[in-house]
Amino acid sequence: KLPAKGAVLMDAATGTVLYEQNAHEKLHPASVTKVMTMLLVMEALDQGKITLTDTVTASESAAAKGGSQIYLKVGEQMTVETLLKSVAVASANDAACALAEHLAGSEAAFVQKMNQRAKELKMEDTHFVNCTGLDDGEDAKNHLTSAYDIALMSRQLLYYHPSVKNYTTIWMDTVRDGTFGLSNTNKLVRFYSGCTGLKTGYTSQAGFCLSASAM
């Protein structure tokens, strides 16, 4: 028995569940939420709706995000690729919000897309209220998913969009022409051979959360 509220081990190639513990208990996922954010970004890239070189301008709401961030300033411009890397490596909340707004016009509209995609993936334990997993806002208590649903969306991201591993496997990097350093929140990337990601999370409400992948 693992010292965790819920856990699932899934074969990414087949979707077979190899181990489960409280797999469907609805829990707060913290920044593991960003697996869905990255999935929607990767799908938009693969569908040609956006490109890695698109310029994204940081809004006031993106710049105001707390927690892990790259300290975007209002009006600052970065490419989709730089923001995606910042989400994957440093779990940057401001970068996630900027990408959400670029894709859908607003974070609220993007969250609708997150919930629609969750429904399509049969993530029946899941309801998203933001794109970051932050505990901000009264409705954050309704931001819930399960270990099983996290496995579903993680598999969808890794198996169908393997190029995301170009970012999730980075240990250290920089943005802003080398002036701002990124260090991966997932220490397995450095210390576990074969690790391919994927996303860590922590808030006081959620505790420590992890979606880990290896091959």
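Structural notes, computed from the coordinates. (Residues numbered from 1 in each chain as written. Predicted model: local features only at pLDDT ≥ 70, side-chain atom pairs only at ≥ 80, totals over all residues. Heavy atoms only, no water.)

1. Description of the overall build of the protein chain
- Looking only at helices and strands, the protein chain has eight helices and eight strands in total.
- Its C-alpha radius of gyration of 16 Å places the protein chain within 12% of the 17 Å reference for a compact globule of 215 residues.
- With respect to the three principal axes, the spread of C-alpha positions in the protein chain is 45 × 40 × 35 Å.
- Per-residue burial over the protein chain gives 50% buried out of 215 residues. (Helix = DSSP H or I, 4+ residues; strand = E, 2+ residues; numbered from the N terminus. Rg over C-alpha atoms; globule rule 2.2 N^0.38 Å. Buried < 20%, exposed > 50% of the residue type's maximum accessible area, 1.4 Å probe, protein only.)

2. Considerations on a nonpolar patch on the surface
- Together, L2, L9, L18 and Y19 line one region of the surface with nonpolar side chains, adding up to about 370 Å² of accessible area.
- Following the sequence through the fold, L9 ends up in strand 1 (residues 7–10). (Patch = residues over 30% accessible without salt bridge, like charges linked within 9 Å, V, L, I, M, F, W, Y side chains within 5 Å. Areas by Shrake-Rupley, 256 points an atom, 1.4 Å probe, with all protein chains shown as cover. Salt bridge = Lys/Arg side-chain N within 4 Å of Asp/Glu carboxyl O.)

3. Considering the side chain of N184
- With respect to the helices, strands and loops of the structure, N184 is situated in the loop between strand 6 (180–183) and helix 8 (188–191).
- You can call N184 buried: its relative accessible area is 1%.
- Within polar-contact distance, the side chain of N184 engages the backbone oxygen of I170 at 2.7 Å.
- Not counting chain neighbours up to four residues away, the residues in contact with N184 comprise A88, V89, T168, I170, W171 and V189. (Polar contact = N/O pair within 3.5 Å; in protein donor to acceptor, adjacent residues only side chain to side chain. Contact = heavy atoms within 4.5 Å.)

4. Focus on helix 6 (residues 147–160)
- In a regular helix each residue adds 1.5 Å, so 14 residues correspond to 20 Å; helix 6 covers 20 Å between its end C-alpha atoms and thus fits that length.
- Judged by how many residues are buried, helix 6 sits mostly within the fold: 11 of 14 residues are covered.
- Within the sequence span of helix 6, burial applies to A147, D149, I150, A151, L152, M153, S154, R155, Q156, L157 and L158. (Expected span 1.5 Å × (residues − 1).)

5. A look at the environment of Q21
- Relative to the helices and strands, Q21 is located in strand 2 (residues 17–21).
- Here Q21 is in contact with K1, L2, A4, K5, G6 and A7, once residues within four sequence places are set aside.
- A polar side-chain atom of Q21 sits 2.9 Å from the main-chain carbonyl oxygen of A4.

6. Description of the packing of helix 1 (residues 34–46) against helix 5 (residues 107–120)
- Between helix 1 and helix 5, the shortest axis-to-axis distance is 10 Å and the interhelical angle comes to 90°. Classified by the angle their axes make, helix 1 and helix 5 are roughly perpendicular. Across the interface between the two elements, M36, T37, L39, L40 and E43 from helix 1 touch F110, K113, M114, R117 and A118 from helix 5.
- In terms of residue class, the contact of helix 1 with helix 5 is built from six nonpolar, one polar and three charged. (Axes fitted to C-alpha atoms, helices over the stretch in contact; angles between N-to-C directions. Parallel < 35°, antiparallel > 145°, perpendicular 65-115°, else oblique. Nonpolar A, V, L, I, M, F, W, Y, C, P; charged D, E, K, R; others polar.)

7. Considering the environment of L40
- Its location among the elements puts L40 in helix 1.
- Judged by its relative accessible area of 10%, L40 falls in the buried class.
- The spatial distance from the C-alpha of L40 to the C-alpha of K113 is 8.1 Å, given a sequence separation of 73 residues.
- L40 has contacts with L103, F110, K113, M114 and R117, leaving out every residue within four places of it along the chain.

8. Some points on the pairing of strand 2
- Note that strand 1 and strand 2 share four bridges and pair antiparallel. By the bridge assignment, M10 is partnered in strand 2 with V17.
- Taking the residues that link successive antiparallel strands as the turn, the strand 1-strand 2 hairpin has six residues, and the phi of G15 there is positive, at about 80°. (Pairing = 2+ DSSP bridges.)

9. With respect to the nonpolar core
- In this structure, M36 and L83 are the most contacted members of the largest nonpolar core, which totals 55 residues.
- At the level of secondary structure, the elements contributing two or more residues to this core comprise helix 1, helix 3 (80–90), helix 4 (93–104), helix 5 and helix 6.
- The greatest single-element share of this core, amounting to nine residues, is contributed by helix 1.
- In this structure L83 touches V56, I70, L72, M78, A95, A98 and L99, once residues within four positions along its chain are discounted. (Core = buried A, V, L, I, M, F, W, Y, C linked by side-chain atoms within 4.5 Å.)

10. With respect to the packing of aromatic side chains
- In the structure shown here, the tally under the stated rule is four aromatic pairs.
- Here the aromatic rings of Y71 and F180 are separated by 6.1 Å at their centres, their planes lie at 65°, and the arrangement is edge-to-face. Taken together, the residues span a long stretch of sequence, with Y71 in the loop between helix 2 (60–63) and strand 4 (77–79) and F180 in strand 6 at a distance of 109 residues.
- Aromatic side chains Y202 and F208 sit 4.5 Å apart centroid to centroid with 35° between the ring planes, which places their arrangement in the tilted category.
- Residue classification places F208 among the exposed positions, given a relative accessible area of 74%.
- The positively charged end of R155 is found above the aromatic ring belonging to Y159, 5.3 Å away from the centroid.
- Of note, R176 hangs over the ring of F180, and the distance from its end group to the ring centre comes to 5.3 Å. (Phe/Tyr/Trp six-rings, centres within 6.5 Å; stacked < 30°, edge-to-face > 60°. Lys NZ or Arg CZ within 6 Å of the ring centre and 35° of its normal.)

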